[in-house]
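Observations on the three-dimensional arrangement
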Amino acid sequence: MAEIAFRNVNKIYPNGFQAVHRLDLSIADGEFLVMVGPSGCGKSTTLRMLAGLETISSGDLLIAGHRVNDLHPRARNIAMVFQSYALYPHKTVQGNIEFPLRMARLPAAEVKTRALEVARMLELEPLLQRKPGLLSGGQRQRVAMARALVRDPVAFLMDEPLSNLDAKLRVQMRAEIAALQRRTGTTTVYVTHDQVEAMTMGDRVAVFKDGLLQQVDTPQQLFERPVNTFVAGFIGSPSMNLITARREPAGGGPVLVVAGERISLGKGMETRFNLTDADAERVVCLGLRPEDVVDPQLVGEDRRLHGRVALTELLGREQMVYLDLRDGTRLVARLHADRRLKAGEEIAVGIDPARLYLFQADGRALPYRQG
Amino acid sequence: MRRLVVYMLLVLFALLCLVPIAWLVASAFKANADFHVYPVVPPVDRLTLANFTSLFTQMPFLRFMMNSFFVAGATVILQLFFSSLGGFALAKYDFAGKKAVMGVMLATMMIPGPVLLAPMYELIYHMGLIDSHLGLIVPGMVNVFGMFLFRQSMLSVPDEMLQAARIDGCNEFQIFWHVVMPVSRPIVGAFCLIAFMGTWNSFLWPQIILQSSDRFTLPIGLNQMIGVYEADYGAMMAGTLLAVLPVVVLFFLLQKEFIAGLTKGAVKG
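The rules we used
Residues numbered from 1 in each chain as written. Chains lettered and ligands numbered in written order. Predicted model: local features only at pLDDT ≥ 70, side-chain atom pairs only at ≥ 80, totals over all residues. Heavy atoms only, no water. Pairing = 2+ DSSP bridges. Helix = DSSP H or I, 4+ residues; strand = E, 2+ residues; numbered from the N terminus. Axes fitted to C-alpha atoms, helices over the stretch in contact; angles between N-to-C directions. Contact = heavy atoms within 4.5 Å. Buried area = accessible area lost by both parts, 1.4 Å probe. Salt bridge = Lys/Arg side-chain N within 4 Å of Asp/Glu carboxyl O. Nonpolar A, V, L, I, M, F, W, Y, C, P; charged D, E, K, R; others polar. Domains from an automatic or database assignment. pLDDT = per-residue confidence, 0-100. Buried < 20%, exposed > 50% of the residue type's maximum accessible area, 1.4 Å probe, protein only.

This part covers the sheet that holds strand S7 (residues 155-159) of chain A. All names here are of chain A. With mixed pairing, the six strands of this open sheet are ordered in space as S6-S7-S8-S3-S9-S10. A strand with exactly one partner marks an edge of an open sheet, and here the two such strands are strand S6 (78-81) and strand S10 (212-217). Ignoring which end each strand starts from, the neighbouring axes of this sheet average 20° apart. Its contacts with the sheet place helix H4 (residues 137-149) against S6 and S7, and it is angled at close to 175° to S6.

See below:
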C-alpha cells in the first residue's frame, strides 16, 4: 500500500511568497494522478514537496500512512523523472540505470539483472554502453524512465517529462508512459502544463491555479462538470468561450440575454444544471465550448446568436471560426469545413442549452444535476 | 604578407622564450671548467654527463626527489579533496553567513604570503612540526584559490542532477563523490597541475621549516649546491633539468583538461 495524502499542506518561501495554499489531496495506491495548471500554479512545488526536495511549511504529508515531512528524499523510496532528465553525463546508460541500485548497496549480480530487465522493457539494450551525450532526446527520456523504474519505488514522480521532446515523439511517449504505469501499477504523480497530456494520461487530474487546488476529478468529469470558470477555460482545446450573460425573467422557462440576444433555456430539464429560478438569477457567465456550437437549423429561432466572421482557420475537416457577436464579444466556433465562410460575412450559430455551462459572479459553476 | 610578419614575430618570441631552457639544457652537459669558457654550447667533444653522475654520487639527489614527490603528492591530494569539498559547499548550498565566509576567504588571498611567514612558523613550531614534511603539508592542505576555482566550476552543474542523485539514494557526500566530482573532471586536472607546480617549486617555506638535509625537497637541495666558497653550477643545472621533468610530463598528461579547465565558463555550452 502506498497511498499518498497531503493534509492541509502549505508552502511559504522565505521571501513570503506562498506557493501552495491549504492543500488537501489523497492519491490512491496505483493511481495515475496528473497535476496540471499554468506556470507558477504550485504544481511543481507540490511534486517537489512530495519528493522531499522542498520543505513543507505546515501541514502533513503521508505516504502509506506515515508522516514523511522530515524524511530525506532517499528515505522516501520515491523515484523521479525530471524535465531535463538529469542523467549523469559521466556514466553510461547502464551506469545511469544501475546507480540507484548501487546506492542501495544491492548485490552486484542483482543490480545487473534488474538493470538489464528494465533496459529490455524500454528497448534500451543496444544503447547500454553509450553516454547520455550521444543519445537523442527520446532516448534520454527513456533512460530517465528506466532509472526511475529500476528501483521498484512506492511512487513515480514526473515533472514535465515530455516537454523537451518534439510533438510527434511526445504523443508516442505519452502513450508509452501511460501503458507502462498500467503495467507496473505503481502510484504515479505526473506534472504538466499541457491539458491534453493531463486528460489523456491521468486516472484523475488535479487542476491548480495560484497555489490553490481548484478541482480534482476524472478527466471526463473535469470536462463535463468544471467547478469554476478557470477549470472550464483550462480544460479542453480550444478553450471554452466564456461570455457575459444575464438572466431575464420570462414565461416558459428562464431566458438568458447574451450579447444582446435572447437565448431560451427551456424548462430546465434540458440543461446539465438543476436550474431553479433562484439559481438562474445568479447566472452572470455562460460557457460554451467551440465544438458545441451547432447548426442554427437544428435549433429554434430563440436559440441563435448572430455575428460577423472575423477570421477562419481551416483544420482539415473542420474549421475554427472567430465570430464577433452583436455587442462585439468574440465567440470561437468549431464548424464543419463544408460551410464556406468569408471574413466579414454575417452568420447565425445555434446554441444547444444541454451543452451550456453556467457560472456565478464568483466564477463558481451553478450546481450540477445529480447523476 | 601580414600573416607572414605575424608568424615571424611569433616564432621570434617563441625562440626568446626557449633561450633559458636551451641554456639550461646546454649547461647541464657542460663541465664545470667550461662553464664560463663557452657561454652557450660547447663543442660536441666537450659535452659530458659528469654533472649527472655527481648529482647521484656526491649528494642525496634521489632522496631530495623522493621527498619532493611525497610532499607534493600528499599536498595535491589533500588540497584537491578539501578545496573541491569547500567549493562544492559554496556553490551548491545556502547557509547562514555564506557571503561573509566567502568575503573573509577572498580577503585572505590579498594578504601577501611573506607577511604570514612569522605567525605560521610560530604555529607550526607549537604543533611540533618544524623540520618535518608534515610542516609543509599541513599548511598547504586548503587552498582558497582552489576553492573558488571549484566553486565557479560547480556552479554550472545543474541542480536537477544533484536532486536526481538525492532521490536515487545518495547522501550529500555521495552526491559530491559520485556525481559532482566526476562531472568536474576538467577542473580537477587543471587544479592538480597548478597545485603540483606550486608545491613542487615551493622554496621559501620549506627553506624555513626544513633543517635536516635528508628531509630536503628538490629546490632546497639544489640551492645547497651554491656554497659560499664554491658553486657546482653544472650539477645544479643538471639537477634543475631533472627537477623540471615531472612538471613537464604532468603538463603533457593533463594539458587537454588543463586548457579546457581554464577556459571553462568562458563560453556557454
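This paragraph deals with the interface of chain B and chain A. Contact residues are listed per partner, giving 17 residues for chain B and 24 residues for chain A. Both sides of the chain B and chain A interface together cover about 1,700 Å² of buried area, and 60% of this is carbon and sulfur. Three residues, Glu 160, Ile 167 and Asp 168 of chain B, lead the burial of chain B against chain A; their summed loss comes to 41% of the area buried on that side. Our count for the contact surface shared by chain B and chain A stands at two salt bridges. The salt bridge involving Asp 168 of chain B is made with Arg 151 of chain A; its shortest N-O contact spans 3.9 Å. Of all elements in the fold, only helix H8 (159-167) and helix H9 (172-183) of chain B reach the threshold of two or more residues within the side of chain B that touches chain A. Take the side of chain B that touches chain A: its biggest share by element is seven residues, from H8 of chain B. Residues that form the side of chain B that touches chain A fall into these classes: eight nonpolar, five polar and four charged.

Glancing now at the domain arrangement of chain A. Residues and elements named next belong to chain A. Each assigned domain of chain A is listed with its residue range as follows: domain 1 (4-233) and domain 2 (239-359). The distance between the C-alpha centroids of domain 1 and domain 2 comes to 39 Å. Contacts between domain 1 and domain 2 engage seven residues on the former and nine residues on the latter. Of the roughly 690 Å² buried between domain 1 and domain 2 on both sides combined, carbon and sulfur atoms contribute 59%. Counting every contact that joins domain 1 to domain 2 gives zero salt bridges.

Let us look at the pairing of strand S1 (residues 4-12) of chain A. Residue and element names in this part refer to chain A. As paired strands, S1 and strand S4 (residues 58-63) are joined by five bridges and run antiparallel to one another. Following the sheet pairing, Ile 4 is matched in S4 by Ile 63. Sheet topology places S1 next to strand S2 (residues 18-27); six bridges connect them, and they run antiparallel. Looking across to S2, one finds that Ile 4 is bridged to Ile 27. Hairpin connection of S1 to S2: five residues between the antiparallel strands, including Gly 16 at a positive phi of 95°.

Here the focus is the confidence of the model for chain B. Residue and element names in this part refer to chain B. With 95% of its residues at a pLDDT of 70 or more, chain B shows a mean pLDDT of 88. Between residues 265-269, whose pLDDT stays under 50, and residues either more than four places distant or in other chains, the model counts zero contacts. Here the predicted complex scores 0.82 on pTM and 0.82 on ipTM.

As a further point, take the pattern of salt bridges. All names here are of chain A. Tallied over the entire structure, the rule returns 24 salt bridges over all chains. In this structure, Arg 102 and Glu 98 form a salt bridge, with 2.7 Å as the shortest nitrogen-oxygen distance. A residue pair is termed a helical-turn pair when its members lie 3 or 4 positions apart in one helix, as Arg 102 and Glu 98 do in helix H2 (residues 93-103) at four residues. Judged by relative accessible area, Glu 98 falls into the buried class, the value being 6%. Linking Arg 304 and Glu 301 is a salt bridge whose minimum nitrogen-to-oxygen distance equals 3.6 Å. The exposure class of Glu 301 is exposed, given its relative accessible area of 63%. Through salt bridges with shared partners, a single network forms among Lys 11, Arg 48 and Glu 54.

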